[in-house]
Amino acid sequence: MEISVYNTIMDLNQTHSSDRVQIAFFGRRNAGKSSLVNAVTAQKLAIVSSIKGTTTDPVLKSMELLPVGPVVIIDTPGFDDEGMLGEQRVKKARQILNKTDVAILVLDGEIHSDFEPETRLIDLFRERNVPYLIARNKTDIFPDERKLPDFFTDVLSVSAKTGVNVNLLKERIASLAVKDESDKKLISDLVSPNDFIVLVIPIDKAAPKGRIILAQQQVLRDALDSGCVVIAVRETELEETLSGLGKKPALVITDSQVFGRVSQIVPEDMPLTSFSIIFARYRGFLKSAVNGVEAIDELKDGSKVLVCEGCTHHRQCDDIGTVKLPCWIEEHISRKPVFEFCSGGDFPEDVSRYSIIIHCGGCMLNQREMSYRKYHAEKNNIPFTNYGITIAHIKGILKRSIEVFKK
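Since we're looking at a predicted model, the values are computed, not measured.

1. Topic: the sheet that holds strand 9 (residues 251–254)
Read from one edge to the other, the open sheet built from four strands follows the order 8-7-9-10, with strand pairing classed as parallel. Two strands in the sheet have a free side with no partner beyond their single neighbour: strand 8 (229–233) and strand 10 (272–274). Taking each pair of neighbouring strands and ignoring which way they run, the sheet shows an average axis angle of 25°.

2. Here's the deal with the sheet that holds strand 11 (residues 304–309)
Overall, parallel pairing links the four strands, which are arranged 12-11-13-14 in an open sheet. The open sheet terminates on both sides in strands that have one partner only, identified here as strand 12 (338–343) and strand 14 (384–386). Here the average twist between neighbouring strands, direction ignored, is 25°. Sheet topology note: the strand 13 (residues 356–359)/strand 14 ladder contains three bridges and is parallel. Bridge assignment links Ile358 to a residue of strand 14, and that residue is Thr385.

3. Some words on the packing of aromatic side chains
Inspection of the entire model under this criterion finds five aromatic pairs. Centroid distance Phe279 to Tyr282: 5.8 Å. Interplanar angle 75°. Geometry classified as edge-to-face. Note that Phe279 and Tyr282 are positioned in helix 9 (residues 275–282) at a spacing of three residues, about one turn of the helix. You'll find Phe279 and Tyr282 in the same group, each marked buried. By the ring-pair criterion, three or more aromatic residues cluster together here, those being Phe26, Phe125 and Tyr132.

4. Some remarks on the pairing of strand 5 (residues 132–136)
Buried residues dominate strand 5, accounting for four of its five residues. Relative to strand 5, strand 4 (residues 102–107) runs parallel, the two being bridged by five bridges. Paired with Val106 across the bridge in strand 5 is Ala135. As a crossover connection, the stretch from strand 4 through helix 4 (residues 116–127) into strand 5 is right-handed. Bridge analysis of strand 5 against strand 6 (residues 155–157) gives three bridges, and the strand direction is parallel. Bridging from a neighbouring strand, Arg136 pairs with Ser157 of strand 6.

5. Regarding unusual backbone geometry
A positive phi is found at Asn194, a non-glycine position, where the angle reads about 75°. With respect to the helices and strands, the residue Asn194 is situated in the loop between helix 5 (166–177) and strand 7 (196–200). A positive phi angle is found at Ser334, which is not glycine, with a value near 55°. Mapped onto the fold, Ser334 is located in the loop between helix 11 (320–333) and strand 12. Of the residues examined, Ser334 reaches a relative accessible area of 65% and is grouped as exposed.

6. A few points about the pattern of salt bridges
In total, this model carries 19 salt bridges according to the counting rule given. The salt bridge partner of Glu349 is Arg94, with a shortest N-O separation of 2.9 Å. One end of the pair, Glu349, is in the loop between strand 12 and strand 13; the other, Arg94, is in helix 3 (residues 83–97), and 255 residues separate them in sequence. Glu116 is the salt-bridge partner of Arg120, the closest N and O atoms lying 2.7 Å from each other. Taken together, the residues Arg120 and Glu116, both in helix 4 and four residues apart, mark about one turn of the helix.

7. Quick look at the nonpolar core
Counting 77 residues, the largest nonpolar core has Ile253, Ile329, Ile357 and Ile389 as its most contacted members. Looking at this core, the element that brings in the most residues is helix 9, giving six residues. In contact with Ile389, not counting residues within four places along its chain, are Ile277, Ala280, Leu286, Ala289, Val290, Val293 and Leu398. Among the nonpolar cores identified, the runner-up in size contains 23 residues, and Val158, Ala160, Val166 and Leu169 belong to it.

8. Quick word on helix 2 (residues 33–41)
Counting buried residues in helix 2 gives seven out of nine residues, a clear majority hidden from the surface. Among all positions in helix 2, only Lys33, Ser34, Leu36, Val37, Asn38, Val40 and Thr41 are buried. Turning to helix 2, the residues buried within the fold contact strand 1 (21–27), strand 2 (59–65), strand 3 (69–75), strand 4, strand 5 and helix 5.

9. Structural notes on the environment of Gly284
Tracing the chain through its elements places Gly284 in the loop between helix 9 and helix 10 (286–292). Gly284 sits 87 residues away from Ser371 along the chain, and the two C-alpha atoms are 8.0 Å apart.

10. Topic: the confidence of the model for the protein
For the protein, per-residue confidence averages 86 on the pLDDT scale, and 87% of positions sit at 70 or higher. When mean pLDDT is compared element by element in the protein, strand 9 scores highest at 98, while helix 1 (residues 5–12) scores lowest at 37. Confidence drops under pLDDT 50 across residues 1–13; counting only partners more than four residues distant or on other chains, this segment forms 25 contacts.

11. Points about the packing of helix 6 (residues 214–225) against helix 9
Between helix 6 and helix 9, whose axes approach to 10 Å, the crossing angle comes to 75°. Comparing their axes, helix 9 and helix 6 come out roughly perpendicular. Contacts between helix 6 and helix 9 involve Ala215, Gln216, Gln218 and Val219 on the former and, on the latter, Phe275, Ile278 and Phe279. Across the contact of helix 6 with helix 9, the residue classes tally to five nonpolar, two polar and no charged.

12. Some words on helix 3
The end-to-end C-alpha separation of helix 3 is 21 Å, in line with the 21 Å expected for 15 residues at 1.5 Å each. Residues Gly86, Val90, Ala93, Gln95, Ile96 and Leu97 constitute the buried set of helix 3. Of the surrounding elements, those touching the buried residues of helix 3 are strand 1, strand 3 and helix 4.

Quick notes on the rules
Residues numbered from 1 in each chain as written. Predicted model: local features only at pLDDT ≥ 70, side-chain atom pairs only at ≥ 80, totals over all residues. Heavy atoms only, no water. Pairing = 2+ DSSP bridges. Helix = DSSP H or I, 4+ residues; strand = E, 2+ residues; numbered from the N terminus. Axes fitted to C-alpha atoms, helices over the stretch in contact; angles between N-to-C directions. Phe/Tyr/Trp six-rings, centres within 6.5 Å; stacked < 30°, edge-to-face > 60°. Buried < 20%, exposed > 50% of the residue type's maximum accessible area, 1.4 Å probe, protein only. Right-handed = clockwise from strand over helix to strand, strands pointing away. Salt bridge = Lys/Arg side-chain N within 4 Å of Asp/Glu carboxyl O. Core = buried A, V, L, I, M, F, W, Y, C linked by side-chain atoms within 4.5 Å. Contact = heavy atoms within 4.5 Å. pLDDT = per-residue confidence, 0-100. Parallel < 35°, antiparallel > 145°, perpendicular 65-115°, else oblique. Nonpolar A, V, L, I, M, F, W, Y, C, P; charged D, E, K, R; others polar. Expected span 1.5 Å × (residues − 1).

Below, the structure written as structure tokens:
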């Protein structure tokens with residue numbers, strides 16, 4: 001296996017981290033995680049030191065790892081860290097596990113009095129159904145004959161220092177990283193070549209300067225790959241655009257925040273949905289999100305609602321997640337729930353206090369993390385839905401907005 005520099009440069013421009021295989025290295029402090037990360041990537045990605053706790057925050061690197069393809073390599077803090085700061089570092093490592101597609105548990109070759117950090121990690125891997133392998137590092141110092149406890153099975157002995165079995169480790173990683181996502185579609189199964197597709201993209205203070213958001217980019221690319229003719233327009237020009245097309249669009253896709261206005265402009269005989277709803281299907285939770293949204297109508301004064309944003313953009317005064325959505329919900333139910341918010345990689349470990357969780361489309365998160373969040377909610381019997389479905393429900397157009405998927 002080799003690292004392809006040219007393909008890495010090209011892929012960084014083409015593949016977002018949410019679509020890359022996330023490969024994370026876990027273990028106790030000073031097990032040699034950072035050294036092994038550097039050996040696998042053939043780069044000095046992580047700082048290496050004999051001092052325990054050198055890695056204080058997760059280190060992420062996007063690259064091409066053949067034959068896997070585009071990946072993110074992640075070095076995590078030691079899982080045995082101590083003290084107040086140590087607890088925070090361990091929490092960060094657990095958060096990384098939420099999005100990990102392949103985990104590598106790194107042992108340092110020593111025989112410890114107990115292997116509590118390692119057994120905790122293995123339990124977490126199994127609980128979250130994360131494929132993992134065990135790499136026994138530092139075999140240049142500690143010989144293979146040193147007996148490990150029986151619960152460590154299928155252990156691969158490696159040396160980050162000498163390179164022994166590092167290529168074999170990469171091959172083992174690749175065998176676990178292979179995923180068949182051929183059945184996952186954005187819109188390609190809903191359209192045909194030469195169809196007209198209209199994308200409604202508001203350009204307001206919340207729109208990123210000089211570009212459009214990732215979900216819109218990905219749907220646009222999928223439509224072009226499907227041979228469709230794509231018209232991108234603001235909601236303010238939508239009515240005139242539709243009247244001047246001369247051909248009925250096969251699909252109109254809108255940003256959720258203008259769903260209500262767009263639904264009044266688009267005739268009933270034109271299929272209409274939103275980017276957020278498309279991503280609910282793409283991430284595999286459309287049905288549960290449609291069922292979960294009904295819990296909004298049951299909210300009471302003081303009911304706790306968790307609103308999750310997958311990215312960490314700067315909040316505007318009319319931000320959809322923290323401002324518009326709570327206002328629309330309060331108007332819809334004529335009650336005042338309590339809204340709490342999280343963004344980026346932060347997601348509460350205890351969600352039992354919430355009456356419902358409302359997530360963004362999740363275009364910035366990978367499949368593993370979205371699946372974990374949905375699973376975590378369901379495990380605690382908490383309804384889980386997303387922005388687009390919530391807004392469509394509030395505006396009374398949910399049935400219409402998911403009709404296109406019934407094909």
